[in-house]
Amino acid sequence: MNKTIAIYFSDPTEMGYPFNHLVYYDIYNEFCKDIEKKGANTYIVRGDSYIGDAIFEDGWIYENNELKKYNKEIKADIIYNKGDGNALHRVDACPMINHPELDALCLDKAMHY
């Protein structure tokens, strides 16, 4: 069975940050294609769509270089957290890239002392 990678952004709108800069729209399209060539499914998930237990209410997928709304629940095997300021809180149900605790440490160097 293919793994599912959810790429999370805190902006809830389809073309919100970072896709409001079209270069990022294209970069993530290529990124998703590369991941899918390796056998994983990729979804863009946003805002407060996180339900719990690594499940998102809905999201978007790239189809033929366009984002298409995906109106079903998405169960992530891995979450790539690209949200601002830890908008997506700790998730223990699956691995997270850019885990909120590490992000907080990276954003606040004073935590080292």
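Here the structure is shown first, and the text comes after it.
Within every chain, residues take consecutive numbers counted from 1 along the sequence as written. Where local features are concerned, this predicted model is filtered to residues with pLDDT of at least 70; where side-chain atom pairs are given and counted, the filter is 80 or more; whole-chain, interface and lining totals use all residues. Only heavy atoms go into the side-chain values, all of them from the structure, while hydrogens and water stay out.

**Some thoughts on the pattern of salt bridges**
Stage number 1. Salt bridge, as used here: a side-chain nitrogen of Lys or Arg that lies within 4 Å of a carboxyl oxygen of Asp or Glu. Considering all chains together, one arrives at 3 salt bridges under this definition.
Stage number 2. Glutamate 30 serves as the salt-bridge partner of lysine 33, at 3.3 Å between the closest nitrogen and oxygen. Taken together, the positions of lysine 33 and glutamate 30, both in helix α1 (residues 22-37) and 3 residues apart, correspond to about one turn of that helix.
Stage number 3. The shortest N-O distance in the salt bridge between glutamate 66 and lysine 68 comes to 3.4 Å.
Stage number 4. By relative accessible area, which is 44% here, glutamate 66 ends up partly exposed. Put simply, DSSP marks the helices as runs of H or I at least four residues long and the strands as runs of E at least two long, and each gets a number from the N terminus on. When a residue's accessible area, from a 1.4 Å probe over protein chains only, is under 20% of the maximum for its type it is buried; when over 50% it is exposed; and in between it is partly exposed.

**Let's talk about the side chain of threonine 42**
Stage number 1. In this structure, threonine 42 sits in strand β2 (residues 41-46).
Stage number 2. Polar contacts here mean pairs of N or O atoms no more than 3.5 Å apart (in protein, one a potential hydrogen donor and the other a potential acceptor; neighbouring residues in sequence count only if both atoms are side-chain atoms). Engagement of the side chain of threonine 42 in a polar contact is seen with the side chain of glutamate 36, the distance being 2.7 Å.
Stage number 3. Sequence-distant contacts of threonine 42, that is, excluding residues within four places in its chain, are made with Ile5, Cys32, Ile35, Glu36 and Ile61. The contact definition used throughout considers only heavy atoms, calling two residues in contact when any of these lie within 4.5 Å.

**Brief notes about the sheet that holds strand β4 (residues 55-56)**
Stage number 1. We treat two strands as partners when DSSP finds at least two bridges between them. Ordered by their spatial adjacency, 3 strands build an open sheet running β3-β4-β7, and the pairing between neighbours is antiparallel. Single-partner strands in this sheet number two, and they are β3 (50-52) and β7 (74-75).
Stage number 2. Relative to β4, β3 is paired through 2 bridges, and the arrangement is antiparallel. When the bridges of β4 are listed, tyrosine 50 appears paired with phenylalanine 56.

**A word on a nonpolar patch on the surface**
Stage number 1. Residues qualify for a patch when their relative accessible area is over 30% and they have no salt bridge, like charges being joined within 9 Å and the nonpolar side chains of Val, Leu, Ile, Met, Phe, Trp and Tyr within 5 Å. Here the accessible surface of atoms and residues is derived via Shrake-Rupley with a 1.4 Å probe, and residues count as covered only by protein chains that are part of the display. A cluster of nonpolar residues, Val23, Tyr24 and Ile27, forms a patch on the protein surface that exposes about 270 Å² of accessible area.
Stage number 2. Structurally, the position occupied by isoleucine 27 is in helix α1.

**Details of the pairing of strand β6 (residues 66-70)**
Stage number 1. The pairing of strand β5 (residues 59-63) with β6 spans 5 bridges and is classified as antiparallel. By the bridge assignment for β6, tyrosine 62 is matched with leucine 67.
Stage number 2. Hairpin remark: β5 followed by β6, antiparallel, with 2 residues in the connecting loop; positive phi at asparagine 64, about 50°.

**Quick notes on the packing of aromatic side chains**
Stage number 1. For Phe, Tyr and Trp, where Trp contributes only its six-membered ring, two rings pair if their centres lie within 6.5 Å, and the inter-plane angle classes them as stacked under 30 degrees, edge-to-face over 60, or tilted in between. Summed over the entire model, instances satisfying the criterion amount to 11 aromatic pairs.
Stage number 2. An angle of 65° between the planes, with centres 5.5 Å apart, marks the rings of phenylalanine 9 and phenylalanine 19 as edge-to-face. With phenylalanine 9 in strand β1 (residues 4-9) and phenylalanine 19 in the loop between β1 and α1, this pair connects stretches of sequence that are 10 residues apart. Taken individually, phenylalanine 9 and phenylalanine 19 each receive the classification buried, so the pair is uniform in this respect.
Stage number 3. The interplanar angle of 70° and the centroid separation of 5.4 Å between the aromatic rings of tyrosine 25 and tyrosine 62 together place this pair among those described as edge-to-face. Placement of tyrosine 25 in helix α1 and of tyrosine 62 in strand β5 is noted, with a sequence separation of 37 residues between them.

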